[in-house]
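Observations on the model geometry
Residues per chain, in single letters:
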Amino acid sequence: MSKIDFIRGEMVAAMKAKDKVTKEAVSALIAAVKKAAIDEGCRDDIKGELVDKVILKELKTAKEQIDTCPAE
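Worth saying up front: this structure is predicted, and the values here are computed from it rather than measured.

Below, the discussion takes up the packing of helix 2 (residues 20-40) against helix 3 (residues 48-68). Interhelical geometry of helix 2 versus helix 3 gives an angle of 125° and a closest axis separation of 9 Å. In this view, helix 2 runs oblique relative to helix 3, as classed from their interaxial angle. Handedness of the crossing formed by helix 2 with helix 3: right-handed. For the pair formed by helix 2 and helix 3, the contact residues are L29, A32, V33, A36, A37 and E40 on the first element and L50, V51, K53, V54, I55 and E58 on the second.

On to the pattern of salt bridges. Pairing between side chains becomes possible if they bear opposite charge and their charged atoms approach one another. Throughout the structure, instances matching the rule amount to 5 salt bridges. When the shortest N-O distance is used, the salt bridge between K3 and D52 registers 2.6 Å. A residue pair is termed long-range when its members are at least 10 positions apart, and K3 in helix 1 (residues 3-16) and D52 in helix 3 qualify at 49 residues. Residue K3 is classed as partly exposed on the basis of its relative accessible area of 39%. We note a salt bridge from K47 to D45, for which the minimum N-O separation is 2.7 Å.

Calculation notes
- Residues numbered from 1 in each chain as written.
- Predicted model: local features only at pLDDT ≥ 70, side-chain atom pairs only at ≥ 80, totals over all residues.
- Heavy atoms only, no water.
- Axes fitted to C-alpha atoms, helices over the stretch in contact; angles between N-to-C directions.
- Helix = DSSP H or I, 4+ residues; strand = E, 2+ residues; numbered from the N terminus.
- Parallel < 35°, antiparallel > 145°, perpendicular 65-115°, else oblique.
- Left-handed = near helix turned anticlockwise from the far one by under 90°.
- Contact = heavy atoms within 4.5 Å.
- Salt bridge = Lys/Arg side-chain N within 4 Å of Asp/Glu carboxyl O.
- Buried < 20%, exposed > 50% of the residue type's maximum accessible area, 1.4 Å probe, protein only.

Structure (C-alpha cells):
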C-alpha cells in the first residue's frame, strides 16, 4: 500500500466516523499531493518521497500560520 493510498483510507475512515474536521484536513492534504504530482509530471505514479515532501511543507505552512495568528 502506497502512502497516498493510506492517506485516502484515512479520509474514508474520517467520513465514516462523520469527523468533518479531519476529513477536510486530509482532503486538503490529498489535494496538495495531487497538485505537486501534476507539477512534477508524475500524476499517475505518486512516489512516497513526494508525499513526504508535501506533508512537511503543509506542516511548516500550518505552523507559520499558527505563529503569526494573534492570541485572541
